[in-house]
Amino acid sequence: MAETSNGSNLAEITAAAMAALEAADGEAALQAFERTWLGKQGPLAELLASIPRLPAADRPRVGKAANQLKRELAEGLDARRSAIAEAALRQARSADDYDASLPAPRSPRGSLHPITRIRREVEDIFGSMGYRVLDGPEVELDHYNFEALNFPANHPARDLQDTFWCDNEGHVLLRTHTSPVQIRAMQRLKPPFRAIVPGRVFRNEAVDAKHEHTFHQVEGLVIDEGIHVGHLIGTLKGVLREIFASEIDIRLRPGYFPFVEPGFEVDIRLPDAGSRGGVLADWVEFCGAGMVHPNVLRAGGVDPERYSGFAFGMGLDRMVMLRYGIDDIRHFMAGDLRFLTQF
Ligand code: DAH
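Please read these numbers as outputs of a predicted model, since none were measured by experiment.

Quick look at helix 3 (residues 43-50)
Phase 1 of the analysis: Those residues of helix 3 lying buried are Leu44, Leu47 and Ser50. Along the axis of helix 3, the buried positions cluster into a sector of 125°, meaning they face one direction only.

Structure follows, in C-alpha cells:
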C-alpha cells in the first residue's frame, strides 16, 4: 500500500514540478520553484525522508527514482535559467538603441597619490626654470649623507636626524634627507647647473600626526658664479606662487644646517592665514635653505673661490598637507582608499 501511494506520489510530484518549471518566466519564479521543489520542506524532500519507513524491498527502487527526479529538477532549473537569460539578451540586442560597436564598460581606474601629484607639479615648475630633475639612492653611504655635507663623525648635528643604519660599522644607512644628492650632483655635473632631487627619506622617529618614518623631500641646488641669497629668495617666492596659486609671504630665520652658511629656516604665510586668527601664529615652517658651505663645494669637487650656490630642502608631505588641509601625515603611507581616492 505504501509502495503504491509513494509510487503515485512520485508521479504527481514529477508532473506538478515540471509544470511549475515550464511556467517559471523570471528569476523570482525560478527562486520560488527552487524553494518549493528542491528545498528542505518540499514534497520531494518529504518523500525522501519517508523512505526509511517503507518496506525494505521497496526502498532501493523508490529511493533511486526520487533521487533521479531531484537531479532532473536541478538540471531543469539550470537549463530554464539560462534559457530565460538568453531570451532577455536576445531581446535587448534587438532593441532599437542596441549598438554592438560601443566600447565595453571600463574597469575602475586608480588615482595618483597626492604626493605623486605634487611631486610632478614641482618638477614641472622647476623644469620650466631650467632645473634638471635628479635621482639618488635611498640606501646611502654615510659619506654622502653626513661626512661630505660637513657633518664630521661624532658631530652633534647628526643626532638631529635619527638614522636607520644598515650595518654595524656605520657606513651604510637609509638616507635621512635628499641633501646627499647635492654631492653626487656636483661630482657628476660641471657647474653652472640647477637641479632638484625629489625623493623618499627615512628617519627612525616615533610616528605621530606630524612624524613619519618615511617621508618625501625635494632638494634644490644651484651652482654658478655670483649666486647670492637674493637668488634663493626670489626662487622660493616664484615657486611658492606657482604651488599655491597666489603671492605668498615668506620669512627667513637663521637656521643651523652644517652644509650651508648662512643657513635659514624659511617660513611661509598662506593667503587665508588672516582668517584663521593671530598674525604671527600663522607663519608655518616651510623648508630649510642656505648658501652652500665651501667645505661642501670642495667635497663635490667645485672650486669655492670661483663658484657659489644656494640649496634648499622642502618637505613634499608638508606641502600637500598645507594645500589640501590634511592634518595627519600618517594618511600618506596608510594605503586607505577612502583617503587616496579623494585626489
Ligand atoms: N636636509 C635638511 C633636512 O632634512 C633640509 C635642508 C636644509 C636642505 C637646508 C638644504 C638646506 O638643502 O640648504 O633637515
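Right, picking up where we left off after that structure.
Comments concerning the domain arrangement of the chain
Phase 1 of the analysis: Partitioning the chain into structural domains gives domain 1 (10-94) and domain 2 (114-340).
Phase 2 of the analysis: Distance from the C-alpha centre of domain 1 to the C-alpha centre of domain 2: 73 Å.

Section: the nonpolar core
Phase 1 of the analysis: Residues Val122, Phe244, Phe312, Met314 and Met319 are the most contacted members of the largest nonpolar core, which totals 38 residues.
Phase 2 of the analysis: Counting residues per element, the ones that place at least two in this core are helix 5 (114-128), strand 5 (214-224), helix 8 (229-244), strand 7 (260-269), strand 8 (284-292), strand 9 (308-315), helix 10 (316-324) and helix 12 (337-340).
Phase 3 of the analysis: Looking at this core element by element, the count peaks at six residues for helix 8.
Phase 4 of the analysis: The next biggest cluster of nonpolar side chains, apart from the first, holds 26 residues, and it includes Ala157, Leu173, Ala185 and Phe259.

Examining the packing of helix 5 against helix 10
Phase 1 of the analysis: For the pair helix 5 and helix 10, interaxial distance at closest approach is 9 Å and the crossing angle is 105°. Classified by the interaxial angle, the pair formed by helix 5 and helix 10 is roughly perpendicular. Contacts between helix 5 and helix 10 involve Pro114, Ile115, Ile118, Arg119, Glu121 and Val122 on the former and, on the latter, Leu316, Asp317, Met319, Val320 and Arg323.
Phase 2 of the analysis: Each residue belonging to the contact of helix 5 with helix 10 can be placed in one class, and the counts come to seven nonpolar, no polar and four charged.

Describing the pairing of strand 5
Phase 1 of the analysis: For strand 5, the tally of buried residues reaches ten of eleven residues, placing the bulk of the element in the interior.
Phase 2 of the analysis: Relative to strand 5, strand 4 (residues 193-202) is paired through ten bridges, and the arrangement is antiparallel. Of the residues in strand 5, the one forming a bridge with Val197 is Glu219.

Considerations on the pattern of salt bridges
Phase 1 of the analysis: Scanning the entire structure with this criterion turns up 17 salt bridges.
Phase 2 of the analysis: The closest approach of N and O atoms between Glu140 and Arg184, which form a salt bridge, is 2.7 Å. Of this pair, Glu140 sits in strand 2 (residues 139-141) while Arg184 sits in helix 7 (residues 180-188); the two residues are 44 residues apart in sequence, bridging distant segments of the chain.
Phase 3 of the analysis: Among the residues examined, Arg184 registers a relative accessible area of 25% and is labelled partly exposed.
Phase 4 of the analysis: Residue Arg158 pairs with Glu147 through a salt bridge whose shortest N-O separation is 3.3 Å. Here Arg158 is found in the loop between helix 6 (142-145) and strand 3 (172-174), whereas its partner Glu147 is found in the loop between helix 6 and strand 3, with eleven residues between them in sequence.

Re the sheet that holds strand 8
Phase 1 of the analysis: The strand order across the open sheet formed by seven strands is 1-4-5-9-8-7-6, and the pairing between neighbours is mixed. In the strand order of this sheet, the two ends are held by strand 1 (132-133) and strand 6 (249-254), each with one partner.
Phase 2 of the analysis: With eight bridges connecting them, strand 5 and strand 9 associate as antiparallel partners. Opposite Val218, over in strand 9, you have Met314 as the bridge partner.
Phase 3 of the analysis: Sheet strands in contact with helix 7 are strand 4, strand 5 and strand 9, and its direction is about 35° off that of strand 5.
Phase 4 of the analysis: Most of the contacts of helix 10 go to strand 9, to which it runs at about 55°, and overall it touches strand 5, strand 7, strand 8 and strand 9.

What counts as what
Residues numbered from 1 in each chain as written. Predicted model: local features only at pLDDT ≥ 70, side-chain atom pairs only at ≥ 80, totals over all residues. Heavy atoms only, no water. Buried < 20%, exposed > 50% of the residue type's maximum accessible area, 1.4 Å probe, protein only. Helix = DSSP H or I, 4+ residues; strand = E, 2+ residues; numbered from the N terminus. Arc of directions from axis to C-beta. Domains from an automatic or database assignment. Core = buried A, V, L, I, M, F, W, Y, C linked by side-chain atoms within 4.5 Å. Axes fitted to C-alpha atoms, helices over the stretch in contact; angles between N-to-C directions. Parallel < 35°, antiparallel > 145°, perpendicular 65-115°, else oblique. Contact = heavy atoms within 4.5 Å. Nonpolar A, V, L, I, M, F, W, Y, C, P; charged D, E, K, R; others polar. Pairing = 2+ DSSP bridges. Salt bridge = Lys/Arg side-chain N within 4 Å of Asp/Glu carboxyl O.

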